[in-house]
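Summary of structural features
Residues per chain, in single letters:
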Amino acid sequence: AFSSDHWRRCLYVGGWSELFCPYCKISPQQGDAFFPLLNVFLFSRTHLQASARCALTTKTSKPLINAFNQIPGNETEKKSTLDQALRGVLGDQIIEQKASCDDYLSLIYLSISSVTEGICSATTPFLLLGDVLDCLPLDQCDKIFSFVEENVSTWKSNSFYTAGKNYLLRMCNDLLRRLSKSQNTVFCGRIQLFLARLFPLSEKSGLNLQSQFNLDNITVFNKNEQESTLGQKHTEEKEDGMEVEEGEMGEDDAPAPCSIPIDYNLYRKFWTLQDYFRNPVQCYDKFSWMTFLKFSDETLAVFKSYKLDDMQASKRKLEELRASGGEHVYFAKFLTSEKLMDLQLSDSNFRRHILLQYLILFQYLKGQVKFKSSSCVLNDDQTTWIEETTKLVYQLLREIPPDGDKFATMVEHILNTEENWNSWKNEGCPSFVKERTVDDKPKRPTRKRQAPEDFLGKGPDRKIFMGNDELTRLWNLNQDNMEACKSDSREFMPSLDEFFAEAIEQADPANMVEEEYKVVRNPNYGWRALRLLSRRSPHFFQPTNQKFKSLADYLDSMVSKLAKELPVRIFYFFNSSLLKTHNDKDIPSEEIKTGEEDDDDNGDNLLKDTKLGAQWKMLASHLEMKAAELREIETDSEDVDMQAKLLLVAWQDREGTQATVENLVTALNAAGFSQIADNLSEA
Amino acid sequence: MGPVELLHMSVFSQSFSPCGRFLAAGNNYGEIALFSLSAALSPDATGLSQKPVLTFTAHEGPVFSLLSTDCHLLSAGNGEVSAWSWTELIKKNVKPLWTKRPNYKSSLEIPEINSMTINSRDNSLIVGGGDNNLHVLDLEHGVFKAVLQGHSDYVHCVTMREREAEILSGGEDGAVRMWDSRTAQSVHCIDVYKYESCARPQFGKWISCLTTDSDWMLCGGGPSLSLWHLRSLSPTSTFPLSGCQRQAAFYQDMILAVGEGPFVSHCLLGGDVKAQIPCSPQSLNTLQLNTNSTEHRVLTVGGSSAHIDVFTNLSYRAFSLSF
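This is a predicted model, so every value here is computed, not measured.

Here we look at the overall build of chain A
- Along the backbone of chain A there are 35 helices and 0 strands.
- Taking all 683 residues of chain A together, the buried fraction comes to 38%.
- Sequence-distant contacts, at least 24 apart, represent 67% of the contacts inside chain A between residues at least 6 apart.
- Carbon and sulfur atoms provide 52% of the accessible area of chain A, an area that totals close to 42,700 Å².

Right, here's the structure in full:
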C-alpha cells in the first residue's frame, strides 16, 4: 500500500489541472475528499500507463502486473482502469507520430497477455486494434492486418471469441469500406478470407439469406452514337471553341474515324445480355424474355460459327503464359468498348466467362429457391429452350481450348454442388456443427430373421446352436470338418511295434510257436502288414536281391528286421532270455502290463545285472548324459540299481523313439559291457 | 423486283469502289446495285442501310464480271464491256462512259464474257469468254489489240501475274494457260486434271477459279482446289473441300475459298481446312475483300441468293446486304 503522498505525487505528474473542477475550484487537498473515486481512478490510470510504457520498453508484462496488484480497488474497477490506461498509451503513441507499426503491435501483444493474466478485459485488444486501424493510413493498416490474420487462433479461443467477434466484424467492415475493390483487391480478399475463417459457416451476418442479387452491378456500354467514346474528343474540343487542327479530324460532322469496321449490331445485343445476368428475375417477364431469347440465339450462333483455334500461334502464347508462373486471370468488371469486341470474341477466357454466366442463370431460373415469388415460374417453352441451350453451351465450352473438356466437367460438378448450397439456404442456413444426439428409447428388436452368422457361434463357449440338442452336441464336437478329420483321435493307423509285436514275439524261437499258427501266415494280417510297412517303414522301399517264396517269408524277414530296431516293450521283453538270465526278482506287474505306447526300455532287466548296477556311470558317459543329470540321479536315490534305472529312464526320455536296442547296444559296447550288449542283441 | 424474281436472283460479281466506301454487285438479271458500306457499318445503321443506294440495269444478260480501276467501274455483260464512272455513279448518274465489243468471229451467237482482268503495265484490259479466246483491249486507245487463242473450250477465269507480266487463264477444257502479254503467245499450258493429286473425275475437268500472287497459284473447279508453285509448275498442296470452288483468294497466311456449300472455307497453306464459316446463301459465287479502306475493311460474299453477306470479323457473319 502506498501513502496518499505517493498518489498525490503521481497525480501531480499526470496533470492536476485537468482534474480541477472549474466551477468548484477545489484545491488538491480538498479534492481528495470530494473526488475520491475519480482521484483514485486517475492516479491508477497514470500509474498503469507509466507501467505499460515501462513494460513495452522492457518487453515483459511484469511491471504492468505489479502495478495492477498495487493499485487500489476491486477487480472490475482495476480492469476498467487498465483498459483506459492502455487506450491512453495507444492514443499518445498515435499523437506523437513517432511510433512504428511494431510499437503498436507490441502494445497490442501486451494487452493480449494482460487478458491472459486476467488483469484486463477481453474487449481491450479489439478496441486497441480498432483505434489503430482507424488512425493509420492504408499501407500501415496492411501490416496491422497481417498481425490480425496471424492470430486467428487467438481470436477464436474461448477467452476472446465472444467478446471480440463483433468488434472484429465492425473493424473489418470499416476497412472494407475504405478500400477500393479494384485497386486493393488483394487486401479486400484477405479481409474476406479472415472473416471466413473467424466465423462459422452459418454465421448470419455473412450470409445472403434472402438470395438477393447485386443489382448495382450495371454494365455500361455505348447504346447510341452520342455516348460513343469515338465522338467525345470531338465534341469537347468544339465546346472549348478551340481551332480544329489540320489533319486531326476527319470530315466535319462525322466522329473521328476508327481503324477497323465494327459490328454495332452484335455489340449492342451482346452487352444487353449482361442486364439479364444482373437481374435474372426479368426473365420471368414475357417481353423481356423474348428479347433475351433473340439476343442469346444470335450471340451463341456467333460463338458457334467463330470457333477458337488452338493452333501454333495460340499454343505459343499458352506456353508463354505457363512459363510466367501460371498467372491467374482476373478482372473486376467487363471492358465494353466496341473496339475490343473482336479481341474479346477471340479470347478463350472471355468466352468461358460468358458461357458460365449462362449456366448460372439457367440454374437459378430452374431452381427451387425459397425466396422467389410465386410468379417466378417457367412455362414449358421456356424450359425447353433452356434445356436445348444448356446443351449447346456445354458443347461450346468443350470446344474452347485449352482443356475444354476438363473445364466443362469441372463446371458441371461445381454447379451440381451448388444444389446442395441452395437447399441449405432454403432450410435457413442451419449450423454445420453436429449436436450431441439425445438417446432415444431403445429400438424395438427387429422381427427380421437373423442371418446365420448372427446366431451361429454366438452362444456361451462359442457354441453353435443347431436348433436341436443332439445336432448341437454333435456339431460342437468339432465345428470344422477338416480339423475334425485331422485330429489325433482319428489316427487309426497303428504303429509298427504295436502291430508287429505279436509277430515279433512269435518269431522268437524260444516261444516255440508253430509255423502254421504264426500270425504272419494269415493273409489278412499279411495284407495289412504290407500296407502298414508301406506307410511307416523304410525297409519296405529298400531294394533287395533276396527272393521270397511267399508273403509269409517276406514278412518273417521284415519282422526280424523290425525286432532289432523297435524300442522293445517290457511287456514282451519279459519273456526274453535276457530277463530270464538275470532275473532274480519279479518285475512289478503293473509296469509290465501297462504296455505303454511310448516304449519303456529294457532297463529293468539290466538292473538285475549287478555288474551294471554300480557301473551305471560308465554307461552314462556313452549315453551322452550331462553331469547335471547324473547329479540329479544320484540325489534322487542312493540305491545303485535305482540309479541305473533312473539313468536308463532319463536316456529313454531324452531319446524318445531313438531309444532303440541298437543304440543301447552300441553304447554298452563302447562302455565295455559287451556281454550285456550281446545278450541284449540276441533277444 | 417481285418476290419471285428475288427468289431466283444470283449475285455473280462484286467490286469495291476506289475509296472503299461503296460496293457494286452484279446479278443474273443484268442489274448492278450500289451499296453504301459506310452507312451499313455506322453505329446507327438500320435495315434501310442494308439496301442499295442505287440499282440500275447495266446489260441484257447477267453481269458475270465487275472490275474497278482508279476511277472507273468496268462491267461485262452479254458479249460487251461497259465502263462507268464511279463519281457519276455515286451521284446516281447511270450513263455509261463507253461500251465496247470484241471482234467475234461468228456474228450469229454472242458469246458471254466470263472474266476480266487489268494489265496495269500497259493499261490494257483482258477479257475471256465464250468464244474460247482472250481479247486484249487497250484502254488508252480503246481498241482491241490482240487475241489470245489456245483454249479449246470457253474461258472461265482470267488473272494477271504482275511481276512476270503474264496472263493466266483457266477454261472449261481443263487447261490453265499462261500467256506472255507482250508477244501474245501461250508460254505454258497445265492440264490440271491430269495430275492425280488434284483430279476429281466425278466433277469434271473444268477450271472455274484462278488466282495468283506471282509465285503461287490457286486453281480449282472440277479438280480440287490446289496450290501450285509457278516456277516449277507443280502442285504443292491440295485442299480437301467438298464441292467445286468458284473463287479463292490469298489473305495474310490463309486462303479463303467459296463455292458449293453455304460457307466460307478458311484454309492453311499446308492443305488443312482451318474453319468453315456458315453464311446465308446456299452456294457462293463471288468473294471480295475490301482493301481500299481500313475502316470498311470487310469481306463480302454473294451467291445463289439476293443477299450479300458481310463479315467484319472473318470468323462470323455480321449482317447481310440485300438487293
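That was the structure; now back to the text.
Structural notes on the packing of aromatic side chains
All names here are of chain A.
- Under the criterion given, the structure shown has 36 aromatic pairs over all chains.
- Relative to Trp271, the ring of Phe270 has its centre 5.0 Å away and its plane inclined at 90°; by these criteria the two rings are edge-to-face. Each member of the pair, Phe270 together with Trp271, is buried.
- Between Phe270 and Phe350, the aromatic rings sit 5.7 Å apart at their centres with planes inclined by 25°, giving stacked as the arrangement. With a gap of 80 residues between them, Phe270 in helix H13 (residues 264–278) and Phe350 in helix H17 (residues 348–366) connect regions that are remote in the sequence. Taken as a pair, Phe270 and Phe350 share a single burial class, namely buried.
- Among the aromatic residues, ring-to-ring pairing joins Tyr276, Phe277, Trp289, Phe292, Tyr358, Phe362 and Trp385 into one connected group.
- The ring of Phe407 has Arg352 sitting right over it, with the charged end atom 4.4 Å from the ring centre.

Examining helix H4 (residues 62–70) of chain A
Residues and elements named next belong to chain A.
- Of all the residues in H4, the buried ones are Pro63, Leu64, Ala67 and Phe68. Along the axis of H4, the buried positions cluster into a sector of 135°, meaning they face one direction only. Opposite the buried face of H4, at more than 90 degrees from it, the exposed residues are Lys62 and Asn69.

Quick look at the layout of surface pockets
All names here are of chain B.
- Roughly 1,700 Å³ of volume is contained in the second largest pocket.
- Along the walls of the second largest pocket sit 45 residues, with Leu67, Met116, Val158, Gln247 and Gln288 positioned nearest its centre.
- Those elements giving two or more residues to the lining of the second largest pocket turn out to be strand S1 (11–16), strand S5 (65–68), strand S9 (113–119), strand S13 (155–161), strand S17 (207–212), strand S21 (245–251) and strand S25 (284–289).

Some points on the environment of Lys370(A)
All names here are of chain A.
- Note that Lys370 resides in the loop between H17 and helix H18 (380–399).
- Residue Lys370 is classed as exposed on the basis of its relative accessible area, which comes to 52%.
- In the structure, Lys370 is positioned 53 residues away from Ser423 in sequence and 8.9 Å away in space, judged by C-alpha atoms.

Focus on the interface of chain B and chain A
- Opposite the 17 residues of chain B that make contact, chain A presents 19 residues.
- Counting the surface chain B buries against chain A, the share from its top three residues, Pro43(B), Glu295(B) and Tyr316(B), is 40%.
- Remark: the boundary between chain B and chain A carries 0 salt bridges.
- Top element by residues in the side of chain B that touches chain A is strand S24 (residues 273–278) of chain B. It accounts for 3 residues.
- A breakdown of the residues in the side of chain B that touches chain A according to their chemical character gives 8 nonpolar, 5 polar and 4 charged.

Describing helix H7 (residues 124–135) of chain A
Residues and elements named next belong to chain A.
- End to end, H7 covers 17 Å across 12 residues, agreeing with the expected 16 Å (1.5 Å per residue, within 8%).
- Within H7, burial applies to Thr124, Pro125, Phe126, Leu128, Leu129, Gly130, Val132 and Leu133.
- Contacts from the buried residues of H7 go to helix H5 (75–96), helix H6 (101–117), helix H8 (138–150), helix H9 (152–156) and helix H10 (158–178).

As for the side chain of Lys78(A)
Residues and elements named next belong to chain A.
- Here Lys78 lies in helix H5.
- Although Lys78 lies buried, it forms no salt bridge, and the closest oppositely charged side chain, Glu75, sits 4.2 Å away as judged by the N-O distance.
- Setting aside anything within four residues of it in sequence, one finds Lys78 in contact with Phe68, Asn69, Ile71, Pro72 and Gly73.

Remarks on the state of the cysteines
- Overall, the coordinates contain 0 disulfides over all chains when judged by the stated rule.
- Free of any disulfide, Cys101(A) has its nearest neighbouring cysteine sulfur in Cys141(A), separated by 8.2 Å.

Focus on the pairing of strand S16 (residues 185–191) of chain B
Residues and elements named next belong to chain B.
- As defined by bridge partners, strand S15 (residues 175–180) adjoins S16 across 6 bridges and the pair is classed as antiparallel. Each bridged residue has a counterpart across the sheet, and for Asp180 the counterpart in S16 is Gln185.
- Here S15 folds back onto S16, and the loop between the two strands holds 4 residues, one of which, Ala184, carries a positive phi near 60°.

Digging into the packing of helix H24 (residues 523–536) of chain A against helix H25 (residues 551–565) of chain A
Residues and elements named next belong to chain A.
- Across the interface, H24 lies against H25 with an axial gap of 11 Å and an inter-helix angle of 45°. In terms of orientation, H24 lies oblique with respect to H25. Our pair here, H24 against H25, has a crossing hand that is left-handed. Packed against H24, whose contacting residues are Gly526, Trp527, Ala529, Leu530 and Leu533, the element H25 presents Leu551, Tyr554, Leu555, Met558 and Leu562 at the interface.
- Partitioning the contact of H24 with H25 into residue classes produces 9 nonpolar, 1 polar and no charged.

Quick word on the sheet that holds strand S14 (residues 166–171) of chain B
Residues and elements named next belong to chain B.
- Read from one edge of the open sheet, 4 strands run S13-S14-S15-S16, paired in antiparallel fashion. At either margin of the open sheet sits one strand with a lone partner, and together these are S13 and S16. Going across the sheet, the axis of each strand differs from the next one's by a mean of 20°, ignoring polarity.
- Bridge count between S14 and S15: 5 bridges; the pairing is antiparallel. Counted as the bridge partner of Glu166 is Asp180 from S15.

Focus on empty space enclosed by the protein
- Enumeration according to the criterion identifies 4 cavities of 30 Å³ or more in this entry.
- Empty space within the largest cavity amounts to approximately 70 Å³.
- Around the largest cavity, the lining residues are Ile260(A), Pro261(A), Ile262(A), Asp263(A), Glu338(A), Lys339(A), Met341(A), Asp342(A), Thr312(B) and Tyr316(B).
- Partitioning the lining of the largest cavity into residue classes produces 5 nonpolar, 1 polar and 4 charged.

So, the packing of H7(A) against H10(A)
Residues and elements named next belong to chain A.
- The N-to-C vectors of H7 and H10 enclose an angle of 10°; their axes lie 9 Å apart at closest approach. Taken together, H7 and H10 sit at an angle that is classed as roughly parallel. Residues Pro125, Phe126, Leu127, Leu129, Gly130, Leu133 and Asp134 of H7 lie in contact with H10, whose contacting residues are Phe160, Gly164, Tyr167, Leu168, Met171, Leu175 and Arg178.
- Split into classes, the residues belonging to the contact of H7 with H10 amount to 10 nonpolar, 2 polar and 2 charged.

Quick word on the confidence of the model for chain B
- On average, residues of chain B carry a pLDDT of 92, and 100% of them reach 70 or more.
- This complex was scored by the predictor with a pTM of 0.61 and an ipTM of 0.82.

Some details on the pattern of salt bridges
Residues and elements named next belong to chain B.
- Within this structure, the stated rule accounts for 22 salt bridges over all chains.
- Between Glu164 and Arg161 there is a salt bridge whose closest N-O contact spans 3.4 Å.
- Residue classification places Glu164 among the partly exposed positions, given a relative accessible area of 26%.
- Arg182 serves as the salt-bridge partner of Asp180, at 3.8 Å between the closest nitrogen and oxygen.
- For Asp180, a relative accessible area of 17% translates into the label buried.
- You can call Arg182 exposed: its relative accessible area is 63%.
- Through salt bridges with shared partners, a single network forms among Arg161, Arg163, Glu164, Glu166 and Asp215.

Criteria and thresholds
- Residues numbered from 1 in each chain as written.
- Chains lettered and ligands numbered in written order.
- Predicted model: local features only at pLDDT ≥ 70, side-chain atom pairs only at ≥ 80, totals over all residues.
- Heavy atoms only, no water.
- Helix = DSSP H or I, 4+ residues; strand = E, 2+ residues; numbered from the N terminus.
- Buried < 20%, exposed > 50% of the residue type's maximum accessible area, 1.4 Å probe, protein only.
- Contact = heavy atoms within 4.5 Å.
- Areas by Shrake-Rupley, 256 points an atom, 1.4 Å probe, with all protein chains shown as cover.
- Phe/Tyr/Trp six-rings, centres within 6.5 Å; stacked < 30°, edge-to-face > 60°.
- Lys NZ or Arg CZ within 6 Å of the ring centre and 35° of its normal.
- Arc of directions from axis to C-beta.
- 1 Å grid on protein atoms, 1.4 Å probe; cavity = no way out; pocket = protein on both sides within 12 Å on 5 of 7 lines; lining within 4 Å.
- Points joined across faces, edges and corners; volume = space filled by probe spheres on them.
- Buried area = accessible area lost by both parts, 1.4 Å probe.
- Salt bridge = Lys/Arg side-chain N within 4 Å of Asp/Glu carboxyl O.
- Nonpolar A, V, L, I, M, F, W, Y, C, P; charged D, E, K, R; others polar.
- Expected span 1.5 Å × (residues − 1).
- Lys, Arg positive; Asp, Glu negative; His and termini not counted.
- Disulfide = S-S within 2.5 Å.
- Pairing = 2+ DSSP bridges.
- Axes fitted to C-alpha atoms, helices over the stretch in contact; angles between N-to-C directions.
- Parallel < 35°, antiparallel > 145°, perpendicular 65-115°, else oblique.
- Left-handed = near helix turned anticlockwise from the far one by under 90°.
- pLDDT = per-residue confidence, 0-100.

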